Amino acid sequence: MKKRVFSGIQPTGDIHIGNYLAAIKHWVASQTELDSVFCIVDLHAITVPQETNVLKSKIREVTGLLLAAGIDPKLSTVFIQSHNSAHTELAWILNCFTPMGWMQRMTQFKDKLQEQKEQVSVGLFDYPALMAADILLYNTDIVPVGEDQKQHVELTRDIAQRFNSIYGETFKLPEPLIPETGARIMGLDDPTTKMSKSEAGSGHAINLLDPSDTIRAKVMQATTDSLREIRFDENRPGIYNLLVIYELFTGLSRPDIEARFERKGYVNLKQELAEIIVDSLRPLQSRYQELTADPTYLDSVLTEGSSRIRPLAEKTMTVVKEKVGLG
Ligand code: ATP
Ligand code: LTN
């Protein structure tokens with residue numbers, strides 16, 4: 001039996017190289033060895049305000065990008081979270097087994113609360129319970145995510161353990177899988193904050209569908225420092241971030257990269273990096289154009305994904321309801 005991988009991605013904003021290097025790339029690489037399930041988490045997206053038509057089109061855009069990046073719908077299951085009501089149903093039940101104190105410790109929520117104050121929705125607070133439901137519905141073994149999601153996967157384990165200790169072995173405990181390098185790609189304009197879809201600044205993130213000249217301009221404007229040496233030094237976040245992106249796109253070792261730029265300046269590094277990103281994203285961008293030329297194709301992948309996955313979720317829900325005494 002292959003181990004099951006489950007991960008989710010929000011259909012909001014523009015998918016960027018942080019999402020790609022920390023998550024999507026690894027999902028593609030492991031899909032032959034692992035039973036892979038990828039969910040477009042539209043119910044998570046509405047925890048913050050979304051425009052109806054934009055959300056609808058973003059769901060197709062993310063699906064297209066996943067396939068263009070190499071997710072093969074014959075090997076992996078791709079589906080939309082809201083197509084399967086078991087996610088919200090289990091989330092409610094898990095809510096009732098999650099102490100407020102555990103939820104209040106979630107750092108992502110605390111950060112968003114600081115930004116949005118009382119505008120913040122109850123859904124955003126409760127977001128990790130829905131994420132726990134996503135994962136636990138499918139007896140997931142491994143959850144490959146970026147560093148920012150680690151705490152949510154750990155909470156999922158705690159909720160599962162609590163439920164199991166009350167009702168006996170029910171949920172499998174999932175393991176987060178965080179890449180050793182690139183688990184937290186930083187913003188190009190501010191290398192002390194995570195590259196984020198929700199960040200408005202035009203020089204902040206490199207998006208997978210950015211035109212070549214936009215990519216070049218963003219890399220050339222990236223914030224660095226006033227030193228000269230090109231070295232992997234975490235205390236110099238701007239240059240470190242660019243070098244990590246270089247490392248991940250080229251697959252070269254750190255000593256080789258440092259040797260390559262030994263007597264060169266930041267401009268050389270930036271120019272070379274920009275071309276590497278442009279060349280790396282070009283095949284993905286042209287596959288995306290091909291895939292989206294036929295809009296019915298993406299919908300057929302998503303419909304097929306939901307029907308493949310639904311029986312697994314229903315099985316879990318039957319067991320959970322039985323144990324809790326519902327119905
Ligand atoms: P964002 O902050 O960019 O809006 P997100 O974290 O809210 O994104 P998703 O788009 O659903 O939400 O994330 C998809 C995957 O990308 C997750 O596994 C997440 O951990 C990862 N990820 C998001 N941003 C980064 C980043 N800057 N560096 C590494 N991984 C990231
Ligand atoms: N919360 C995640 C997206 C997400 C997810 C999941 C990831 C929702 N459900 C289940 C892994 C497993 C995020 O914002 N990146």
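Residues numbered from 1 in each chain as written. Chains lettered and ligands numbered in written order. Predicted model: local features only at pLDDT ≥ 70, side-chain atom pairs only at ≥ 80, totals over all residues. Heavy atoms only, no water.

*Asks:* How do you make sense of the overall build of the protein chain when you look at a structure like this?
*Replies:* The secondary structure content of the protein chain amounts to 13 helices and five strands. Taking 20 Å as the expected radius of gyration for a compact globule of 327 residues, we find that the protein chain reaches 21 Å, a close match to that expectation. Expressed as lengths along the three principal axes of its C-alpha atoms, the size of the protein chain is roughly 70 × 45 × 40 Å. The buried share among the 327 residues of the protein chain stands at 50%. Look at the contacts in the protein chain between residues 6 or more apart in sequence, and 76% of them connect residues 24 or more apart. Taken together, the 36 basic and 43 acidic charged side chains of the protein chain have centroids lying 2 Å from each other. (Helix = DSSP H or I, 4+ residues; strand = E, 2+ residues; numbered from the N terminus. Rg over C-alpha atoms; globule rule 2.2 N^0.38 Å. Buried < 20%, exposed > 50% of the residue type's maximum accessible area, 1.4 Å probe, protein only. Contact = heavy atoms within 4.5 Å. Lys, Arg positive; Asp, Glu negative; His and termini not counted. Charge placed at Lys NZ, Arg CZ, Asp CG, Glu CD.)

*Asks:* What should I look at first to understand the site of ligand 1 in this one?
*Replies:* If you check the shell around ligand 1, you find 20 residues, and the closest are Gln10, His16, Asp148, Lys194 and Lys197. Taking Gln10, its main chain carries an N or O atom lying 2.8 Å from an oxygen atom of ligand 1. Within the backbone of Met195, an N or O atom sits 2.8 Å from a nitrogen atom of ligand 1. No other element matches helix 1 (residues 17-30), which puts four residues into the shell around ligand 1. (Near = heavy atom within 4 Å. Polar contact = N/O pair within 3.5 Å; in protein donor to acceptor, adjacent residues only side chain to side chain.)

*Asks:* Explain the site of ligand 2 here, please?
*Replies:* Taken together, 13 residues sit near ligand 2, with Gln10, Tyr127, Met131, Asp134 and Gln149 positioned nearest. Taking Gln10, its side chain carries an N or O atom lying 3.1 Å from an oxygen atom of ligand 2. One of the side-chain N or O atoms of Asp134 is found 2.7 Å from a nitrogen atom in ligand 2. Coverage of ligand 2 by the protein amounts to 92% of the 370 Å² it exposes when considered alone. Of all the secondary structure elements, the ones that give two or more residues to the shell around ligand 2 are strand 1 (4-9) and helix 7 (122-136). It is helix 7 that provides the largest number of residues to the shell around ligand 2, a total of four residues. Its residues assigned to classes, the shell around ligand 2 comprises seven nonpolar, five polar and one charged. (Areas by Shrake-Rupley, 256 points an atom, 1.4 Å probe, with all protein chains shown as cover. Nonpolar A, V, L, I, M, F, W, Y, C, P; charged D, E, K, R; others polar.)

*Asks:* Would you mind showing me how to read the packing of aromatic side chains here?
*Replies:* Each pair of aromatic rings is reported with the distance of its centres and the angle of its planes. Counting across every chain of the model gives eleven aromatic pairs. Judged by centre distance (6.4 Å) and plane angle (15°), the rings of Tyr20 and Phe249 are stacked. Of this pair, Tyr20 sits in helix 1 while Phe249 sits in helix 10 (residues 237-250), and the two are 229 residues apart along the sequence. Residues Tyr20 and Phe249 agree in their burial class; the two are buried. With a centroid separation of 6.0 Å and 75° between ring planes, the pair formed by Phe79 and Tyr138 is classed as edge-to-face. Remark: Tyr138 occurs in the loop between helix 7 and strand 4 (142-144) and Phe79 occurs in strand 3 (residues 76-80); sequence separation between them is 59 residues. (Phe/Tyr/Trp six-rings, centres within 6.5 Å; stacked < 30°, edge-to-face > 60°.)

*Asks:* It is not clear to me how the side chain of Ser76 should be interpreted in this structure. Could you clarify?
*Replies:* As for its placement among the helices and strands, Ser76 is situated in strand 3. Among the residues examined, Ser76 registers a relative accessible area of 1% and is labelled buried. Only 2.7 Å separates the side chain of Ser76 from the side chain of Gln31, close enough to count as a polar contact. With sequence-adjacent residues up to four places away left out, Ser76 is seen in contact with Gln31, Ser36, Phe38, Ile71 and Arg308.

*Asks:* Is there a simple way to think about the environment of Ser226 in this case?
*Replies:* With respect to the helices, strands and loops of the structure, Ser226 is situated in the loop between helix 9 (212-220) and helix 10. According to the relative accessible area criterion, Ser226 is exposed, its value standing at 73%. For the pair Ser226 and Tyr266, spaced 40 residues apart in the sequence, the C-alpha separation amounts to 9.9 Å.

*Asks:* Mind showing me how you'd approach the nonpolar core here?
*Replies:* Nonpolar side chains in soluble globular proteins generally cluster together in the buried interior. Counting 61 residues, the largest nonpolar core has Ile17, Leu66, Ile245, Phe249 and Ile277 as its most contacted members. Counting residues per element, this core draws most heavily on helix 12 (residues 266-293), which supplies eleven residues. Grouped together as the second largest cluster of nonpolar side chains are 40 residues, Tyr127, Leu137, Val143 and Phe171 included. (Core = buried A, V, L, I, M, F, W, Y, C linked by side-chain atoms within 4.5 Å.)

*Asks:* Can you walk me through the side chain of Arg4 in this structure?
*Replies:* Tracing the sequence through the fold places Arg4 in strand 1. A relative accessible area of 14% places Arg4 in the buried class. Within the structure, the side chain of Arg4 is placed 2.7 Å from the backbone oxygen of Tyr138, a separation counted as a polar contact.

*Asks:* Would you take a moment to explain the pattern of salt bridges for this structure?
*Replies:* A side chain of one charge can pair with a side chain of the opposite charge when the charged atoms of the two come close. The tally for this structure, following the rule as stated, stands at 19 salt bridges. Between Asp35 and Arg4 there is a salt bridge, and its shortest N-O distance comes to 2.8 Å. Placement of Asp35 in strand 2 (residues 35-40) and of Arg4 in strand 1 is noted, with a sequence separation of 31 residues between them. Looking at Asp35, the relative accessible area reads 25%, which means it is partly exposed. Residues Arg60 and Asp299 are paired through a salt bridge, measuring 2.9 Å at the closest nitrogen-oxygen approach. (Salt bridge = Lys/Arg side-chain N within 4 Å of Asp/Glu carboxyl O.)

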